[in-house]
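Here is how the chains run, residue by residue.
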Amino acid sequence: MAHPKAVYLHEAETYLVEALDLENHTARLRPERVDYYTTPRRETSIGLLELHAEQPVRGARKFEGELSVTTRVTGFKRLRWLTRELIDQEALDLPPATLLTTGYWVSLTPETVDQLKESGLWNNYPNDYGANWEVQRQRALARDNHTCQVCGAPERERSHHVHHRAPFRAFASFLEANQLENLVTLCAECHRRVETVVRVRSGLAGLAYALGNLAPFFLMCDASDLGVHSDPQSPLAQGAPTVALYDQVPAGLGFSRQLYELHAELIQGALELVSACSCELGCPSCVGPGGELGAGSKPETLAILKML
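Below is a short write-up of the structure. (Residues numbered from 1 in each chain as written. Predicted model: local features only at pLDDT ≥ 70, side-chain atom pairs only at ≥ 80, totals over all residues. Heavy atoms only, no water.)

## Quick look at the overall build of the protein chain
- A count of helical and extended segments in the protein chain gives eight helices and 11 strands.
- The C-alpha atoms of the protein chain give 21 Å as radius of gyration, which agrees with the globular expectation for 308 residues (19 Å, within 12%).
- Overall, the protein chain is about 55 × 55 × 40 Å in size when its C-alpha atoms are taken along their principal axes.
- Within the protein chain, residue pairs in contact and separated by at least 24 positions form 62% of the contacts whose partners lie at least 6 positions apart.
- Of the accessible surface of the protein chain, which amounts to about 16600 Å², a share of 52% is contributed by carbon and sulfur atoms.
- Within the protein chain, the 38 negative side-chain charges are centred at a point lying 5 Å from the centre of the 29 positive side-chain charges. (Helix = DSSP H or I, 4+ residues; strand = E, 2+ residues; numbered from the N terminus. Rg over C-alpha atoms; globule rule 2.2 N^0.38 Å. Contact = heavy atoms within 4.5 Å. Areas by Shrake-Rupley, 256 points an atom, 1.4 Å probe, with all protein chains shown as cover. Lys, Arg positive; Asp, Glu negative; His and termini not counted. Charge placed at Lys NZ, Arg CZ, Asp CG, Glu CD.)

Below, the structure is given as structure tokens:
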């Protein structure tokens, strides 16, 4: 909340963060009226410290235990107060922070994933870009003079990324998807911005969105008391697709154990919520907004919930 250049609220007044000194545990802010607010972008990874409980459930396994949650703020967005219009984004280079807490997580069984794949409703694993990917990637970089085609940043120590303009999964074969005209050179920061909307498209991410927003109603807690994370190949369940909810307080507050006990009610509530929503592909009221090309995760998420 107090990263460099953040808008910080205190007693209904706005401040701009001028500097953050983590070594000396101080932040320097100045009062300033602005017509925007900031939201941080985070990268999160979760590790298992100790397993307390595990049980098979329909289509999955549920777990409860102690977790290590490592979060790194990689940048932030500036948005208009009234319209929430995105003004711009900036990258940040801050050290990671680790939270030792408790969590509840549910992992899909291989049988569930196989049935979803057979139905064409599983898009959570990384793409296999095919045998010609490296050649085409180098051709795209050379064509674009190793320069980001969004912000104009030249390559430095690390190679730029190559992005598919139309999503890879929209094509019948990698030969069609990897056509040079469908590839564009982007720096890592611009690529991350573009891919943000794509992540929401997966059914697992939609499931995490629904459970994360519904759980506080079952617990009668504040939404910020819980963190949520989805991983198609999670170390919490030996590489199985997993959604985890965890207490946002060191050592936990007991919410995770309650969610473990409420698993059936939580899943049923999520199924009712997503089924009753009138949107077609996804919206902020159920599984999150639609992703690239308007494709949302609702059909995938609904299929997962029905199997659970």
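Read on for the rest.
## Digging into the pairing of strand S2 (residues 13-21)
- With four bridges joining them, strand S1 (residues 7-10) and S2 adopt antiparallel strand pairing. What sits directly across from Leu9, in S2, is Thr14.
- Taking the residues between adjacent antiparallel strands as the criterion, S1 and S2 are bridged by two residues, where Glu11 takes a positive phi near 50 degrees.
- Pairing of S2 with strand S3 (residues 26-31), which is carried by six bridges, proceeds in the antiparallel orientation. In the strand pairing of S3, Tyr15 is matched with Pro31.
- Count of turn residues in the S2/S3 antiparallel hairpin: four residues, of which His25 carries a positive phi of about 60 degrees. (Pairing = 2+ DSSP bridges.)

## So, the pattern of salt bridges
- The full count for this structure, using the stated rule, is 13 salt bridges.
- The closest approach of N and O atoms between Asp144 and Arg143, which form a salt bridge, is 3.0 Å.
- Exposure remark for Asp144: the relative accessible area of 9% places this residue in the buried category.
- Salt bridges here are not isolated pairs; linked through shared partners, they connect Lys5, Arg78, Asp88 and Glu90. (Salt bridge = Lys/Arg side-chain N within 4 Å of Asp/Glu carboxyl O. Buried < 20%, exposed > 50% of the residue type's maximum accessible area, 1.4 Å probe, protein only.)

## Topic: the side chain of Ser234
- Its place among the elements puts Ser234 in strand S10 (residues 226-234).
- Here Ser234 is in contact with Gly239, Ala240 and Thr242, once residues within four sequence places are set aside.

## Points about the environment of Gln238
- For Gln238, the location among the structural elements is in the loop between S10 and strand S11 (240-247).
- Given the relative accessible area of 83%, Gln238 is considered exposed.
- It is 38 Å that separates the C-alpha atoms of Gln238 and Leu86, two residues lying 152 residues apart in sequence.

## Considering unusual backbone geometry
- In this structure, Lys5 is a non-glycine residue whose phi angle is positive, near 75 degrees.
- Along the chain, Lys5 falls in the segment before S1.
- Phi at Ala12 takes a positive value of approximately 65 degrees, unusual for a residue other than glycine.
- Summarising the element assignment, Ala12 is placed in the loop between S1 and S2.
- Look at Ala12 and you get exposed, because its relative accessible area is 76%.

## A look at the packing of helix H5 (residues 203-219) against helix H8 (residues 298-307)
- Between H5 and H8, the least distance of the axes is 7 Å, while the angle of their chain directions is 70 degrees. Regarding the angle of H5 to H8, the classification is roughly perpendicular. Counted together, Gly203, Leu204, Gly206 and Leu207 of H5 and Glu300, Thr301, Ile304 and Leu305 of H8 form the full contact between these two elements.
- Per-class residue counts for the contact of H5 with H8 are four nonpolar, three polar and one charged. (Axes fitted to C-alpha atoms, helices over the stretch in contact; angles between N-to-C directions. Parallel < 35°, antiparallel > 145°, perpendicular 65-115°, else oblique. Nonpolar A, V, L, I, M, F, W, Y, C, P; charged D, E, K, R; others polar.)

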